[in-house]
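In case you want the letters, here they are:
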Amino acid sequence: MGEQHLETACIRGLHKEQLTGSVNVPIYLSSTYHQESFDDFGPFDYSRSGNPTRAALEKKAAELEGGTHAFAFSSGMAAISSAFMLLSAGDHVVVTEDVYGGTYRFVTEILPKFQISHSFVDLTDLDAVEAAIQPNTKFIYLESPSNPCLRVTDIRAIVRIAKQNDCLTFLDNTFLTPLYQQPLALGVDVVIHSATKFLSGHSDIIAGLLITKDRSLGERFAFIQNTFGAILGAQDSYLLLQGIKTLGTRLRQSTETAQRIASFLLEHPLVENVFYPGLSTHDGHEIHTGQASGNGAVLSFVLPSKEHARVFVEQLRIPIFAVSLGAVESILSYPAAMSHAAMPEAERKKRGITDGLLRLSVGLEHTEDLIGDLLQALKAAERLTETVKN
Ligand SMILES: *Cc1c(COP(=O)(O)O)cnc(C)c1O
């Protein structure tokens, strides 16, 4: 048999439970494990250190990202904070300017307490990246495409700069998943996921992952995970494994619809801008196409004002209005007051998170129903403009 496609790998080889032949990995609800003898301990001893259901998930996550070591955490933020625990007092990190709001909060509010400094840099500006690196810079933290303006970073170029300067690279791959982007193959050292999003896909759990193919990093993360203890429970590990099985079909369908919605919005007179890496008008389109095999199901767009955004949101029937993304249901959010509320207004504006910006995570509803719904809500928002003109 030739090399398997990722869609197949999402499903195959998970388990054949030895006792019963169960096709699903059992949920091992056990905190502790009998040790066979006084001298020989088995593979599991205590579920913070390792649990068979979580281990099956971690093995699958490593396989999908082309890694050798994977670790499942109780949230994306737990995975991210644990990754930052590689650092020591006196270290410095370079972080992408349009980083996820929770990561921004961690970097600005928690790291300084441990004398770890940071620089936020526009990673699309390679000169600025080189200039930001200091003798004590330990890693560069990337997201591509980023949240919420879908900016694309040249991953290979950043990896090259990092290696020249003895830095590691960490990449939050939540938006594309291993199905569309394989950061380890591009030279990135550590891949991070909020598995709350596309990987689980059903808005039912909060989970995070760290994946690497570097043995020494793997061992350090195993130590950090066991010591810090923010592990994913067995039941959520099971749900995440179930979600991953349908990732291929879900993501492809949602991406196809997202591409059509992005083109539709681009043509609409009320919409001032659309951010989606699948549009040839997108700044990072070419770089994106050179490093990812799909465009993903998240896009954002700009309406003329906060009032337009309000009317639009109030008129919309199908997408739920909420934070989060990557689910079977389409999710519309208002970044200025939701995901990026933790960011000071000036910082938000600098990153393009304006008062008319809306982010849409496209789900699995029928494409035509979604476009019809968007169209009628845009019509309602257009009436606002007409009223003002009159
Ligand atoms: C949601 C999200 C996170 C945080 O993950 P949680 O599971 O909510 O802790 C980190 N990065 C990105 C890109 C996200 O969308």
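Residues numbered from 1 in each chain as written. Predicted model: local features only at pLDDT ≥ 70, side-chain atom pairs only at ≥ 80, totals over all residues. Heavy atoms only, no water.

- As recorded in an unreviewed UniProt entry, the protein chain goes by the name cysteine-S-conjugate beta-lyase, listed as coming from Terribacillus halophilus.
- The Cofactor (unreviewed entry) comment attached to the protein chain in UniProt states, word for word, "pyridoxal 5'-phosphate". (UniProt positions renumbered as here; feature names shortened; annotations may be inferred.)

Notes on the pairing of strand S12 (residues 357–361)
So, point 1. Judged by how many residues are buried, S12 sits mostly within the fold: five of five residues are covered.
So, point 2. Across the two faces of S12 the burial is the same, with Leu-357, Arg-359 and Ser-361 and Leu-358 and Leu-360 all buried.
So, point 3. Where strand S9 (residues 298–302) and S12 come together, five bridges link them in antiparallel fashion. Bridge pairing links Leu-299 to Leu-360 in S12.
So, point 4. Across three bridges, strand S11 (residues 331–333) lies against S12 in antiparallel orientation. By the bridge assignment, Leu-332 is partnered in S12 with Leu-360. (Buried < 20%, exposed > 50% of the residue type's maximum accessible area, 1.4 Å probe, protein only. Helix = DSSP H or I, 4+ residues; strand = E, 2+ residues; numbered from the N terminus. Pairing = 2+ DSSP bridges.)

Focus: the packing of helix H3 (residues 76–84) against helix H4 (residues 101–110)
So, point 1. Where H3 contacts H4, the two axes come as close as 10 Å, and the packing angle between them is 35°. For the pair H3 and H4, the sense of crossing is right-handed. Contacts between H3 and H4 involve Met-77, Ile-80, Ser-81 and Phe-84 on the former and, on the latter, Gly-102, Thr-103, Phe-106 and Val-107. (Axes fitted to C-alpha atoms, helices over the stretch in contact; angles between N-to-C directions. Left-handed = near helix turned anticlockwise from the far one by under 90°. Contact = heavy atoms within 4.5 Å.)

Digging into the packing of aromatic side chains
So, point 1. Counted according to the given criterion, the structure contains eight aromatic pairs.
So, point 2. Measuring from ring centre to ring centre gives 5.7 Å for Phe-301 and Phe-312, while their planes differ by 80°; the resulting arrangement is edge-to-face. Of the two residues, Phe-301 is situated in strand S9 and Phe-312 in helix H12 (residues 306–315); the sequence distance between them amounts to eleven residues.
So, point 3. Residue classification places Phe-301 among the buried positions, given a relative accessible area of 0%.
So, point 4. Three or more aromatic residues link up through ring pairs in this structure, and these residues are Phe-84, Phe-106, Phe-139, Tyr-141 and Phe-170. (Phe/Tyr/Trp six-rings, centres within 6.5 Å; stacked < 30°, edge-to-face > 60°.)

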